[in-house]
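Read off the chains here:
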Amino acid sequence: MTFYPGFRLSCPRFRVRRVRLGLGLGLLAIGAAFPPPALASSLAPSTQRMIERLQTLAETSSGETDVFFPGRAVADLEAQLAAATSLNQSLPLRIPYAQALLNDGHSTAALEQIQIFGRDFARSGASMDRQQIAELLQLKALCEFRLGEQANCLANHNADSCLLPLAGGAIHLDQTGSRAAIATYKQVLAQAPSPYAAWMLNLAHMTVGEYPEKVPERWRVPPEVFASDFPLPRFYDVAMAHGVAVDDLSGGVVMDDFDRDGDLDLMASAWGPYGQLRYFTNDGGGTFTERTGEAGLQGLTGGLNLIHGDYNNDGFVDVLILRGAWRGEEGRIPNSLLRNDGDGTFTDVTETAGLLSFHPTQTATWFDYDGDGWLDIFIGNESLEGNTEADPCELYRNNGDGTFTNLAATSGVDVVDWIKAVTAGDYNNDGRPDLYLSSLTGANRLLRNDGPVDPARPERGHRFTDVAAAAGVTEPGRSFPCWFFDYDNDGWLDILVTGYSIRNAGDVLADLLQSPHRGEEARLYRNRGDGTFAEVSAATGLDRILHTMGSNFGDIDNDGWLDFYVGTGDPNLGTVIPNLMFRNDAGRRFQDVTTAGGFGQLQKGHAIAFGDLNHDGQPDIYSVVGGAFAGDHYPNQLFANPGFDHAWLKLRLHGQTSNRLGVGSRILVTVDTPAGPRSIHRVVTSGGTFGSNPLTETIIGLGDATAIKEVAIRWAGSDHRQTLTDLQLNRIYRITEAAGADVVASPPAFEWQREDNGATGGHRHGHFH
C-alpha cells in the first residue's frame, strides 16, 4: 500500500466516491466571491450572464475527477468515514482524508488523522515495511512543515518570507511546526534515505536559523549551491506596502495602462472556482487602488491565466480570461473576453463576440495572423486521455466588427493534444506570425504561417504547417511554458521551452548538486536564420530543471539583453522549490541571479509581468504566487527594481494600418556606445506565456549607450518600414505609423516604500478570499 503517492503527471487522477451532502468546508469560506444582488444589478447583462453561468457550473460540477475543487474531497471522505461500520472500512480512508485536509489548508486536522490512522493500524494487527513507514512519516512531516509556513510565512508575512536561502525576516518566530518537521524528517531519512527528505530537512533547518550548522553533515546541502552567478542588487518585495499583495491561488496577471492615464495598472486572477479577478489602478505617487467592483468585474472568477490585446482597435486594452486547465472534463468552463469600455469599466462580451466555447485551457495568444490590422486569437486547449470527447485548439479570426470566427479546422491548427502553452512570433522573418505549441504529453509543434488558403477569400483563413521536426524544436517531451524572444540580439527570434516533469523536489536538489536525476530539463533553441534551430541549453547554462508554471522575460538591468524569471512548482504541496531569475550575459549564457536579487520564492510561482510601475525607467516585476489546492494560497509579490546606471527608451506605438498597439511589430534601435555602434532588437509583445507585459509601452534597455542613432520599426501586418532619428536617451515617445514620433511627458517618478524586514517586523496579512 502507498500512503503518500505525491503528485504525478502520469498517474490517474485521485478519485473518491461522490456523496452529495452539500458544498463542503471550502465553499462555505469563499462562497462570498459572487456579487451581492445590489452590485450584480449594476453589471452589464452580458457580464451578469457569464457570472451566473460560472456559478451554475461550479455548483453543479459532479466533482468525480476534480480533485482540486475546494472542500469536496474532505466532504466526500467525511461522509464515507461516517458511513463506515468497521475498522477495515475506515482504515483505508484515513490517509486520503489527511491528505485532503492538508490540501485544503487544515494541517492540524490532517495531523490528527495521521495519529488516528497509527492507532487504528496498530489495532488491526497489520505491519508496514520501512518504505511504507517512511511514506507515512513523510506525510506527517509535510503537515508539520506546512504548519510552520502557515504560522509564519502567512500569518506573519514580510518581504523576506520564504525567500531562499531563508534569512532575516524569513526565520520563523513560531518554530513549533518546523521543530517537529526537523525531527520527523530525520526519522524519514533513517527509514528510507532520499534526496527529497534531505532537501526538506535543510529547508526546515533554515526556517529556524540553524542552516547549515545544525544539519547533519551527511544530509547537508552545501551553501555554495545557492550562490548567484552575478552580484545583482536586491529587488525588494513591496507588494504589501503598496496594497497589491493579493493572497489567493495560482492565476494570471496583466500589467498595462488600462485607463490610458500614463501609469501601468494591474489585473490579477486566481484559478479556483471562486477565485475573484482583481483590478488595481496605479494612481501615481505609489498609490494603487483596487477598483474591482467599480470596474464591473466582481463575480468574474476562475482564471488561471490572462492575456490582453486591443481587439477592437479603440486604443484601450482588452483581456481574455482563460479557464479550466488541469480539470479534464470538469474543466469545460468558458473563457471570458472583457471589453475595456474606456471609462474605467469592463464588459464581458464573450457570447456576442462569438468566443463562447467550453474547453479546458490556460493558454492563448493574440496575433494578427492575416495582416489585416485586427488582432486574432489562438487558444491552446487540453485534450486528456480518457476524456469522452476531444477538445481541439481554436483559431479565431477577428472579423473587424467586434466578432470572431473559428477557422482552426480550415487553417490546419485544430490540434488535439494536451497543450500547455502557445506563443506567436515571426521566426523566419517573412512578415507572417507563426505559432509554437508546447505539449505536456508529446512532441511540441512549430506551426509555420504559409499565407492565405485562398488569396481571393481572406475570410477562409491561412494555412499553417507543422515544421517542428525539420526545424529541430520538438523537445522536451513533457513541457510547459514557452516563448519566442531574441536572446542573442541578432534579429532572429529564438525559442525557450521549459520541461515539466520531476519525481519530486529531490530531483531539483540532485540537479543543483549536478547529480543524476529524472527531471525534464529546459531547451533553448537558437535561430540559425535558415528555418532551423540549434539546441544551445548546455552552452548557455540552461540545461537544468526549471519545472516552470509562470514565466516571463524583460531586461531587469537595462543592459540591452533580455533576462527571464520563472515561477516554479506543481500542485503537490511537497514541491517546495525556488522561483528562478536568470540574467542574460550579453547573449553568451544565462546567469542564475536568484538569491542575489531576492527572487527565490519557495511558494508556488505562477504568472509574471515586467514593467516600469514607478516611472524611473527600470522594469519592476509582479509575480502571482499560489498553488492549485485551496490551502496553498500565498500573497502575490511586487519586486521593486533598485535601479541601474544604464540608458533606456520607451516607445508607445500607434498603428494606423497595423493593429492599434502595433502588437508583433519589430523594433531595431541603433545606438552609439564607447565601444562603437550597437544594435538592439525588440518585438512588441506581452512576453512569455504565463503573465502579460505591457503592450501600450515597450521599454528597451540601452546599456552604456551615449546616443541613439536611429530607431527602425517594421509594423506588423502592414509591413510598413519606418525609420526615426533625433530621439533622445531616457525618453518616452509615441510613434504613429507612417507619421512621426512625439515626446510623451513622463509622470513623476516615485520611490517605492518598503516594510521592515527584521525578524521582529513581521506584517500580518489577511487572506483575500
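No experiment lies behind these values; they were computed from the predicted model shown. (Residues numbered from 1 in each chain as written. Predicted model: local features only at pLDDT ≥ 70, side-chain atom pairs only at ≥ 80, totals over all residues. Heavy atoms only, no water.)

Chemist: Hey, could you run me through the confidence of the model for the chain in this one?
Modeler: Atomic detail in the predicted coordinates should be set aside for any region of low pLDDT. Put simply, the chain has an average pLDDT of 92, and 92% of its residues get 70 or more. Residue range residues 1-38 is modelled with pLDDT below 50. Its contacts to residues more than four positions away, or to other chains, number 86 contacts. Low pLDDT (under 50) marks residues 757-769, which in the prediction has 41 contacts with non-local residues, meaning those over four places away or in another chain. (pLDDT = per-residue confidence, 0-100. Contact = heavy atoms within 4.5 Å.)

Chemist: Explain the environment of Q514 to me, please; I cannot follow it from the model alone.
Modeler: Positionally, Q514 belongs in the loop between helix 12 (505-512) and strand 21 (523-527). Here Q514 falls in the exposed class, since its relative accessible area comes to 77%. Placed 289 residues apart in sequence, Q514 and V225 show a C-alpha to C-alpha distance of 9.8 Å. (Helix = DSSP H or I, 4+ residues; strand = E, 2+ residues; numbered from the N terminus. Buried < 20%, exposed > 50% of the residue type's maximum accessible area, 1.4 Å probe, protein only.)

Chemist: Help me understand helix 8 (residues 176-191) in this model?
Modeler: One turn of the α-helix equals 3.6 residues, which is why residues spaced by three or four share an orientation. Look at helix 8: 23 Å from first C-alpha to last across 16 residues, which is about the 22 Å you get at 1.5 Å a residue. On its buried side, helix 8 packs onto helix 7 (130-154) and helix 9 (195-207). (Expected span 1.5 Å × (residues − 1).)

Chemist: I tried to follow the pairing of strand 19 (residues 479-485) on my own but got confused; where do I start?
Modeler: For a regular strand, side chains alternate in direction, first toward one face of the sheet and then toward the other. Buried residues dominate strand 19, accounting for seven of its seven residues. Of the strand pairs in this sheet, strand 19 and strand 20 (residues 494-499) are connected by five bridges, and their pairing is antiparallel. Among the inter-strand pairings, C482 is bridged to a residue of strand 20, identified as V497. (Pairing = 2+ DSSP bridges.)

Chemist: What am I meant to see in the sheet that holds strand 5 (residues 278-282) here?
Modeler: One key point about sheets: their strands pair by backbone hydrogen bonds, in either a parallel or an antiparallel sense. The four strands are arranged 3-4-5-6 in an open sheet whose pairing can be described as antiparallel. Each edge of the open sheet is held by one strand with a lone partner, namely strand 3 (253-256) and strand 6 (288-290). Between one strand and the next, the sheet's axes are offset by a mean angle of 15 degrees, whatever the strand orientation. For strand 4 (residues 265-268) and strand 5, the ladder comprises three bridges, and the chain directions are antiparallel. Note that in strand 5 the partner of L266 across the bridge is F280. (Axes fitted to C-alpha atoms, helices over the stretch in contact; angles between N-to-C directions.)

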